[in-house]
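Understanding the architecture of this molecule
What follows is each chain in one-letter form.
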Amino acid sequence: MLYMDKYIQKLNSADFANMYGDDFFLTWEKTRDELDAVFIVADALRYLRENNISAKIFDSGLAISLFRDNSTRTRFSFASACNLLGLEVQDLDEGKSQIAHGETVRETANMISFMADVIGIRDDMYIGKGNAYMRQVVKAVKEGARDGILEQRPTLVNLQCDIDHPTQVMADTAHIIREFGGVENLKGKKIAMTWAYSPSYGKPLSVPQGVIGLMTRFGMDVTLAYPEGYEVMSGVEDIARKHAAESGGSFNKTNSMEEAFKDADIVYPKSWAPFKAMEKRTELYGNNNFTGISTLEKELLAQNSTHKNWECTEEMMRLTKGGKALYLHCLPADISGVSCEAGEVSASVFDRYRVPLYKQASFKPYVIAAMIFLSKVRDPQSTLANLETRATLRKIL
């Protein structure tokens with residue numbers, strides 16, 4: 001019996017056929033079965049890697065990488081995922097392209113997609129822009145494939161937009177599933193998604209929004225905490241409430257970090273900018289009002305500084321269930337006394353959880369690879385079985 005059979009049996013009980021040839025924009029656009037399929041395939045691919053078995057399903061092809069914001073983990077996770085499957089990554093540096101000369105989105109999307117199988121985009125800084133841009137790209141390559149310009153259209157993976165960070169929160173969930181011994185054990189667990197102080201401004205809302213939009217689907221008790229004035233998109237809160245009602249979990253909000261941490265099984269203290277401020281920032285950039293942007297930045301930094309007590313400290317952690325909640329962060333964290341004078345988390349808490357945090361990050365390449373795999377492989381079960389049977393060594397030991 002193949003070890004891969006346990007993953008195949010799980011896939012056989014899930015309905016995810018619509019993922020073939022599809023894109024991955026937002027987690028709440030996927031069914032529970034489709035999300036579960038990503039976790040299952042991610043585990044299967046990780047098993048192959050751990051056992052030195054090649055997971056290459058492509059012998060050629062490009063993966064286009066477009067990052068409009070800085071990145072370490074997601075950038076390298078995307079590259080690792082594509083390489084794992086046999087694709088070569090090509091970065092689109094917009095500064096070296098013809099975009100500045102008036103090249104349209106439709107033209108750019110088609111020109112970068114010759115022999116490309118996947119496009120990964122991070123565009124998270126401007127409200128109402130990032131996710132919309134990704135959908136423009138997909139519309140363009142669909143037209144390119146329809147018109148015979150492209151032999152086959154590349155599928156898109158959202159590597160973070162203004163609304164959601166699906167690869168991050170799916171990796172977070174994979175980590176939680178592993179820590180709690182199975183997805184079925186997440187029901188009833190309390191997770192505190194809380195704002196935390198940062199000496200910088202303008203951090204995207206996509207992580208907290210992604211967390212409340214996804215974790216509520218597993219019957220978890222999700223608490224969103226932030227100081228007054230640091231609201232996220234109301235539409236995403238509505239989605240979280242809907243998911244909680246459907247899954248038997250709950251979604252609550254509070255302006256108290258202590259209340260959120262009390263008896264929590266998992267804590268996720270992370271800074272973000274107020275939704276209204278990010279809307280204003282987008283408008284200012286659209287009008288090239290750099291004086292206004294500078295003024296807004298100073299206002300937000302001053303506003304942040306009044307909430308320095310929103311820090312994940314040892315005292316705060318003692319409020320959690322048994323004082324032993326799982327600490328999460330998408331990284332890099334603002335560590336008090338290390339990366340900044342005062343920040344999101346105390347040095348002692350961060351250092352205590354450093355290994356679990358790095359493990360949390362390690363799930364992202366496999367989650368991204370699974371998203372690509374399910375969009376490009378018509379029969380994932382047979383393909384996984386063949387990969388194990390073929391047992392091509394990744395390297396000579």
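Quick summary incoming for the structure in this document. (Residues numbered from 1 in each chain as written. Predicted model: local features only at pLDDT ≥ 70, side-chain atom pairs only at ≥ 80, totals over all residues. Heavy atoms only, no water.)

Digging into the sheet that holds strand β4 (residues 155–161)
- Pairing in this open sheet of four strands is parallel, and the strands run β2-β1-β3-β4 from one edge to the other. With one partner strand each, in any of the chains shown, β2 (88–91) and β4 form the two edges of the open sheet. Each neighbouring strand pair of the sheet contributes to a mean axis angle of 20°, computed without reference to strand direction.
- Pairing of strand β3 (residues 116–123) with β4 involves five bridges; the strand directions are parallel. Each bridged residue has a counterpart across the sheet, and for G120 the counterpart in β4 is V157.
- Across the sheet, helix α3 (residues 73–85) touches β1 (62–67), β2, β3 and β4, and the angle it forms with β1 is around 175°. (Pairing = 2+ DSSP bridges. Helix = DSSP H or I, 4+ residues; strand = E, 2+ residues; numbered from the N terminus. Axes fitted to C-alpha atoms, helices over the stretch in contact; angles between N-to-C directions. Contact = heavy atoms within 4.5 Å.)

Overview of a nonpolar patch on the surface
- Among the surface-exposed residues, M111, F114, M115 and I149 lie close enough to one another that they form a single nonpolar patch of about 420 Å² accessible area.
- Of note, M111 is situated in helix α4 (residues 105–111).
- A residue is classified by how much of its surface remains accessible, and M111, at 43% relative accessible area, is partly exposed. (Patch = residues over 30% accessible without salt bridge, like charges linked within 9 Å, V, L, I, M, F, W, Y side chains within 5 Å. Areas by Shrake-Rupley, 256 points an atom, 1.4 Å probe, with all protein chains shown as cover. Salt bridge = Lys/Arg side-chain N within 4 Å of Asp/Glu carboxyl O. Buried < 20%, exposed > 50% of the residue type's maximum accessible area, 1.4 Å probe, protein only.)

Focus: the side chain of T320
- Among the secondary structure elements, T320 is positioned in the loop between α12 (314–317) and β9 (326–327).
- Apart from residues lying up to four places away in sequence, T320 is in contact with F261, D263, A264, V267 and A325.

Re the packing of aromatic side chains
- Inspection of the entire model under this criterion finds 10 aromatic pairs.
- Both rings, one in W195 and one in W310, keep their centres 6.2 Å apart while their planes meet at 70°; by these two values the pair is edge-to-face. With W195 in the loop between β5 (190–194) and α7 (206–215) and W310 in the loop between α11 (290–305) and α12, this residue pair connects regions lying 115 residues apart in the sequence.
- Taken together, the ring pairs connect Y3, Y7 and Y47 into an aromatic cluster. (Phe/Tyr/Trp six-rings, centres within 6.5 Å; stacked < 30°, edge-to-face > 60°.)

Quick word on the sheet that holds strand β8 (residues 266–269)
- Spatial strand order, β7-β6-β5-β8-β9: five strands in an open sheet with parallel pairing. Looking at the sheet topology across the chains shown, the edges are occupied by β7 (250–254) and β9.
- Here β5 pairs with β8 via four bridges, running parallel. Each residue of the ladder has a partner; that of M193, found in β8, is Y268.
- Sitting on the sheet, helix α8 (residues 234–247) is in contact with β6 (221–225) and β7, with an inclination near 140° to β7.

Side note on the state of the cysteines
- The full count for this structure, using the stated rule, is zero disulfides.
- Residue C312 stays outside any disulfide, its sulfur separated by 13 Å from that of C340, the closest cysteine.
- Take C312: its relative accessible area is 0%, and that puts it in the buried class.
- Between C330, a cysteine without a disulfide, and C312, which holds the nearest cysteine sulfur, the sulfur-to-sulfur distance is 14 Å. (Disulfide = S-S within 2.5 Å.)

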